[in-house]
Structure formats: structure tokens, C-alpha cells
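Observations on chain architecture
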Amino acid sequence: MERVSWNTYSMKIDNAVSTRSTFIKNDVGTFIVRNKTILSIVCNGSIKGFPYRDEVECEMIYDHFIRTTHAEANAIVQASKNVVKVDGSELHLIAASYYNCFKLIANTGIKVIYYDELYEDERIIEYGKGVCINLISLEYHAKG
């Protein structure tokens, strides 16, 4: 039996993690890794302690779900809560970061973002070059 590549393995992990999401629009899983060791692994979803998407009506402002924390932000917060240094690490996720999350990633010192699909904002590709973050599209697309 042939061993799957690290990139295929990472996308399978992301897809599995995304099944725990509590967000109504997109289920996204992510993890931060250094030397192929997972440092933080989470999904997007409601504020901790708030009801899940099927328990309450979605709270929206300007077509944005405001109670949802993106997976990237959750991964950074989880690492911080557990006093895990992420400087120089890599982030693996299903959908490339929304601009606000990209700013958080850049400020942590994460150096590589692997993603399956580009999210709504292509500015991150340009800004990634400016701050020496390598964005790598895996184009996995095999959900499930």
C-alpha cells in the first residue's frame, strides 16, 4: 500500500476537523504545524460557550456572520492559550485566509500557508509576498 503524500494527508486532516464546525456558511478546519508536528488544530465556529448554528438564528451585519470566529484565528488563539510558539511554522487550511485573518497570521510569524481554495480576497497573495509568507495552493478538492 502506497503512503499518501503529506499534502494529501494534511487536506484529509483539515476536512475531518471541519466536520466539527458550527458555522452555517462554510465548514473550515485548520492546523498549525512545525516539522510535521501539529501545534494547534481547530475549526471555525461560534464564540466559545455560545449556542451553535442550529440552536439560534444567525446574527448578521452587512452580510457577515458576526458570531463566527474563523478557523485561522481559532488556531492562533488555541496555540496562545497553550503557550505554543508558532513563529516560523506552517498553517494548513481548506480555504485560504480572509484578509483580517491573514493579518493575524502575518503578525504571528507563520511563514507558509497551504490551502485548497482561495477565499474571497486575493489581496493576501500580494501581501504574502510583501511579508515573506509563502501561499501554496494544494488544489486538493476531494472533500470527505
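Computed from a predicted model, the values in this text were never measured in an experiment. (Residues numbered from 1 in each chain as written. Predicted model: local features only at pLDDT ≥ 70, side-chain atom pairs only at ≥ 80, totals over all residues. Heavy atoms only, no water.)

**Describing the side chain of Ser10**
With respect to the element layout, Ser10 can be found in helix H1 (residues 6–18). With a relative accessible area of 0%, Ser10 lands in the buried category. Not counting the four nearest positions on each side in its chain, Ser10 is found in contact with Phe31, His92 and Leu138. (Helix = DSSP H or I, 4+ residues; strand = E, 2+ residues; numbered from the N terminus. Buried < 20%, exposed > 50% of the residue type's maximum accessible area, 1.4 Å probe, protein only. Contact = heavy atoms within 4.5 Å.)

**Topic: the nonpolar core**
Membership of the largest hydrophobic core comes to 18 residues, with the highest contact counts inside it found for Ile32, Leu91, Ile105, Ile113 and Leu135. Counting residues per element, the ones that place at least two in this core are helix H2 (71–81), strand E7 (90–95), helix H3 (99–108) and strand E8 (112–117). Setting aside chain neighbours within four positions, we find Ile105 in contact with Glu72, Ile76, Leu91, Ser97, Ile110, Ile113 and Ile133. Ile13, Val17, Val33 and Cys43 belong to the second-largest nonpolar core, a separate cluster that totals 5 residues. (Core = buried A, V, L, I, M, F, W, Y, C linked by side-chain atoms within 4.5 Å.)

**A word on the pairing of strand E2 (residues 37–43)**
Looking down a regular strand, the side chains alternate between one sheet face and the other. Across 6 bridges, the pairing between strand E1 (residues 29–34) and E2 is antiparallel. Residue pairing across strands places Gly29 opposite Cys43, the latter belonging to E2. (Pairing = 2+ DSSP bridges.)

**Description of H2**
For H2, the complete set of buried residues consists of Ala71, Glu72, Ala73, Ala75, Ile76 and Ala79. At its buried positions, H2 is contacted by E1, E2, strand E6 (68–69), E7 and H3. Following H2 by one or two positions, Val83 has its phi on the positive side, about 55°.

**A look at the sheet that holds E2**
Across the sheet, 5 strands lie side by side as E2-E1-E7-E8-E9; this open sheet has mixed pairing. At either margin of the open sheet sits one strand with a lone partner, and together these are E2 and strand E9 (134–137). Neighbour to neighbour, the strand axes of the sheet diverge by 20° on average, direction disregarded. Note that E8 and E9 share 4 bridges and pair parallel. Along E9, the bridge assignment pairs Tyr115 with Ser137. Of the strands in this sheet, E1, E2 and E7 are in contact with H2, which crosses E2 at around 130°. (Axes fitted to C-alpha atoms, helices over the stretch in contact; angles between N-to-C directions.)

**Some thoughts on the pairing of E1**
Across the 6 residues of E1, 5 count as buried, placing the element largely inside the fold. Counted along the chain from E1 to the antiparallel partner E2, the turn is 2 residues long, and its residue Asn35 has a positive phi close to 50°. Both E1 and E7 contribute to a ladder of 4 bridges, which runs antiparallel. From the neighbouring strand, Thr30 faces E7, where its bridge partner is Leu93.

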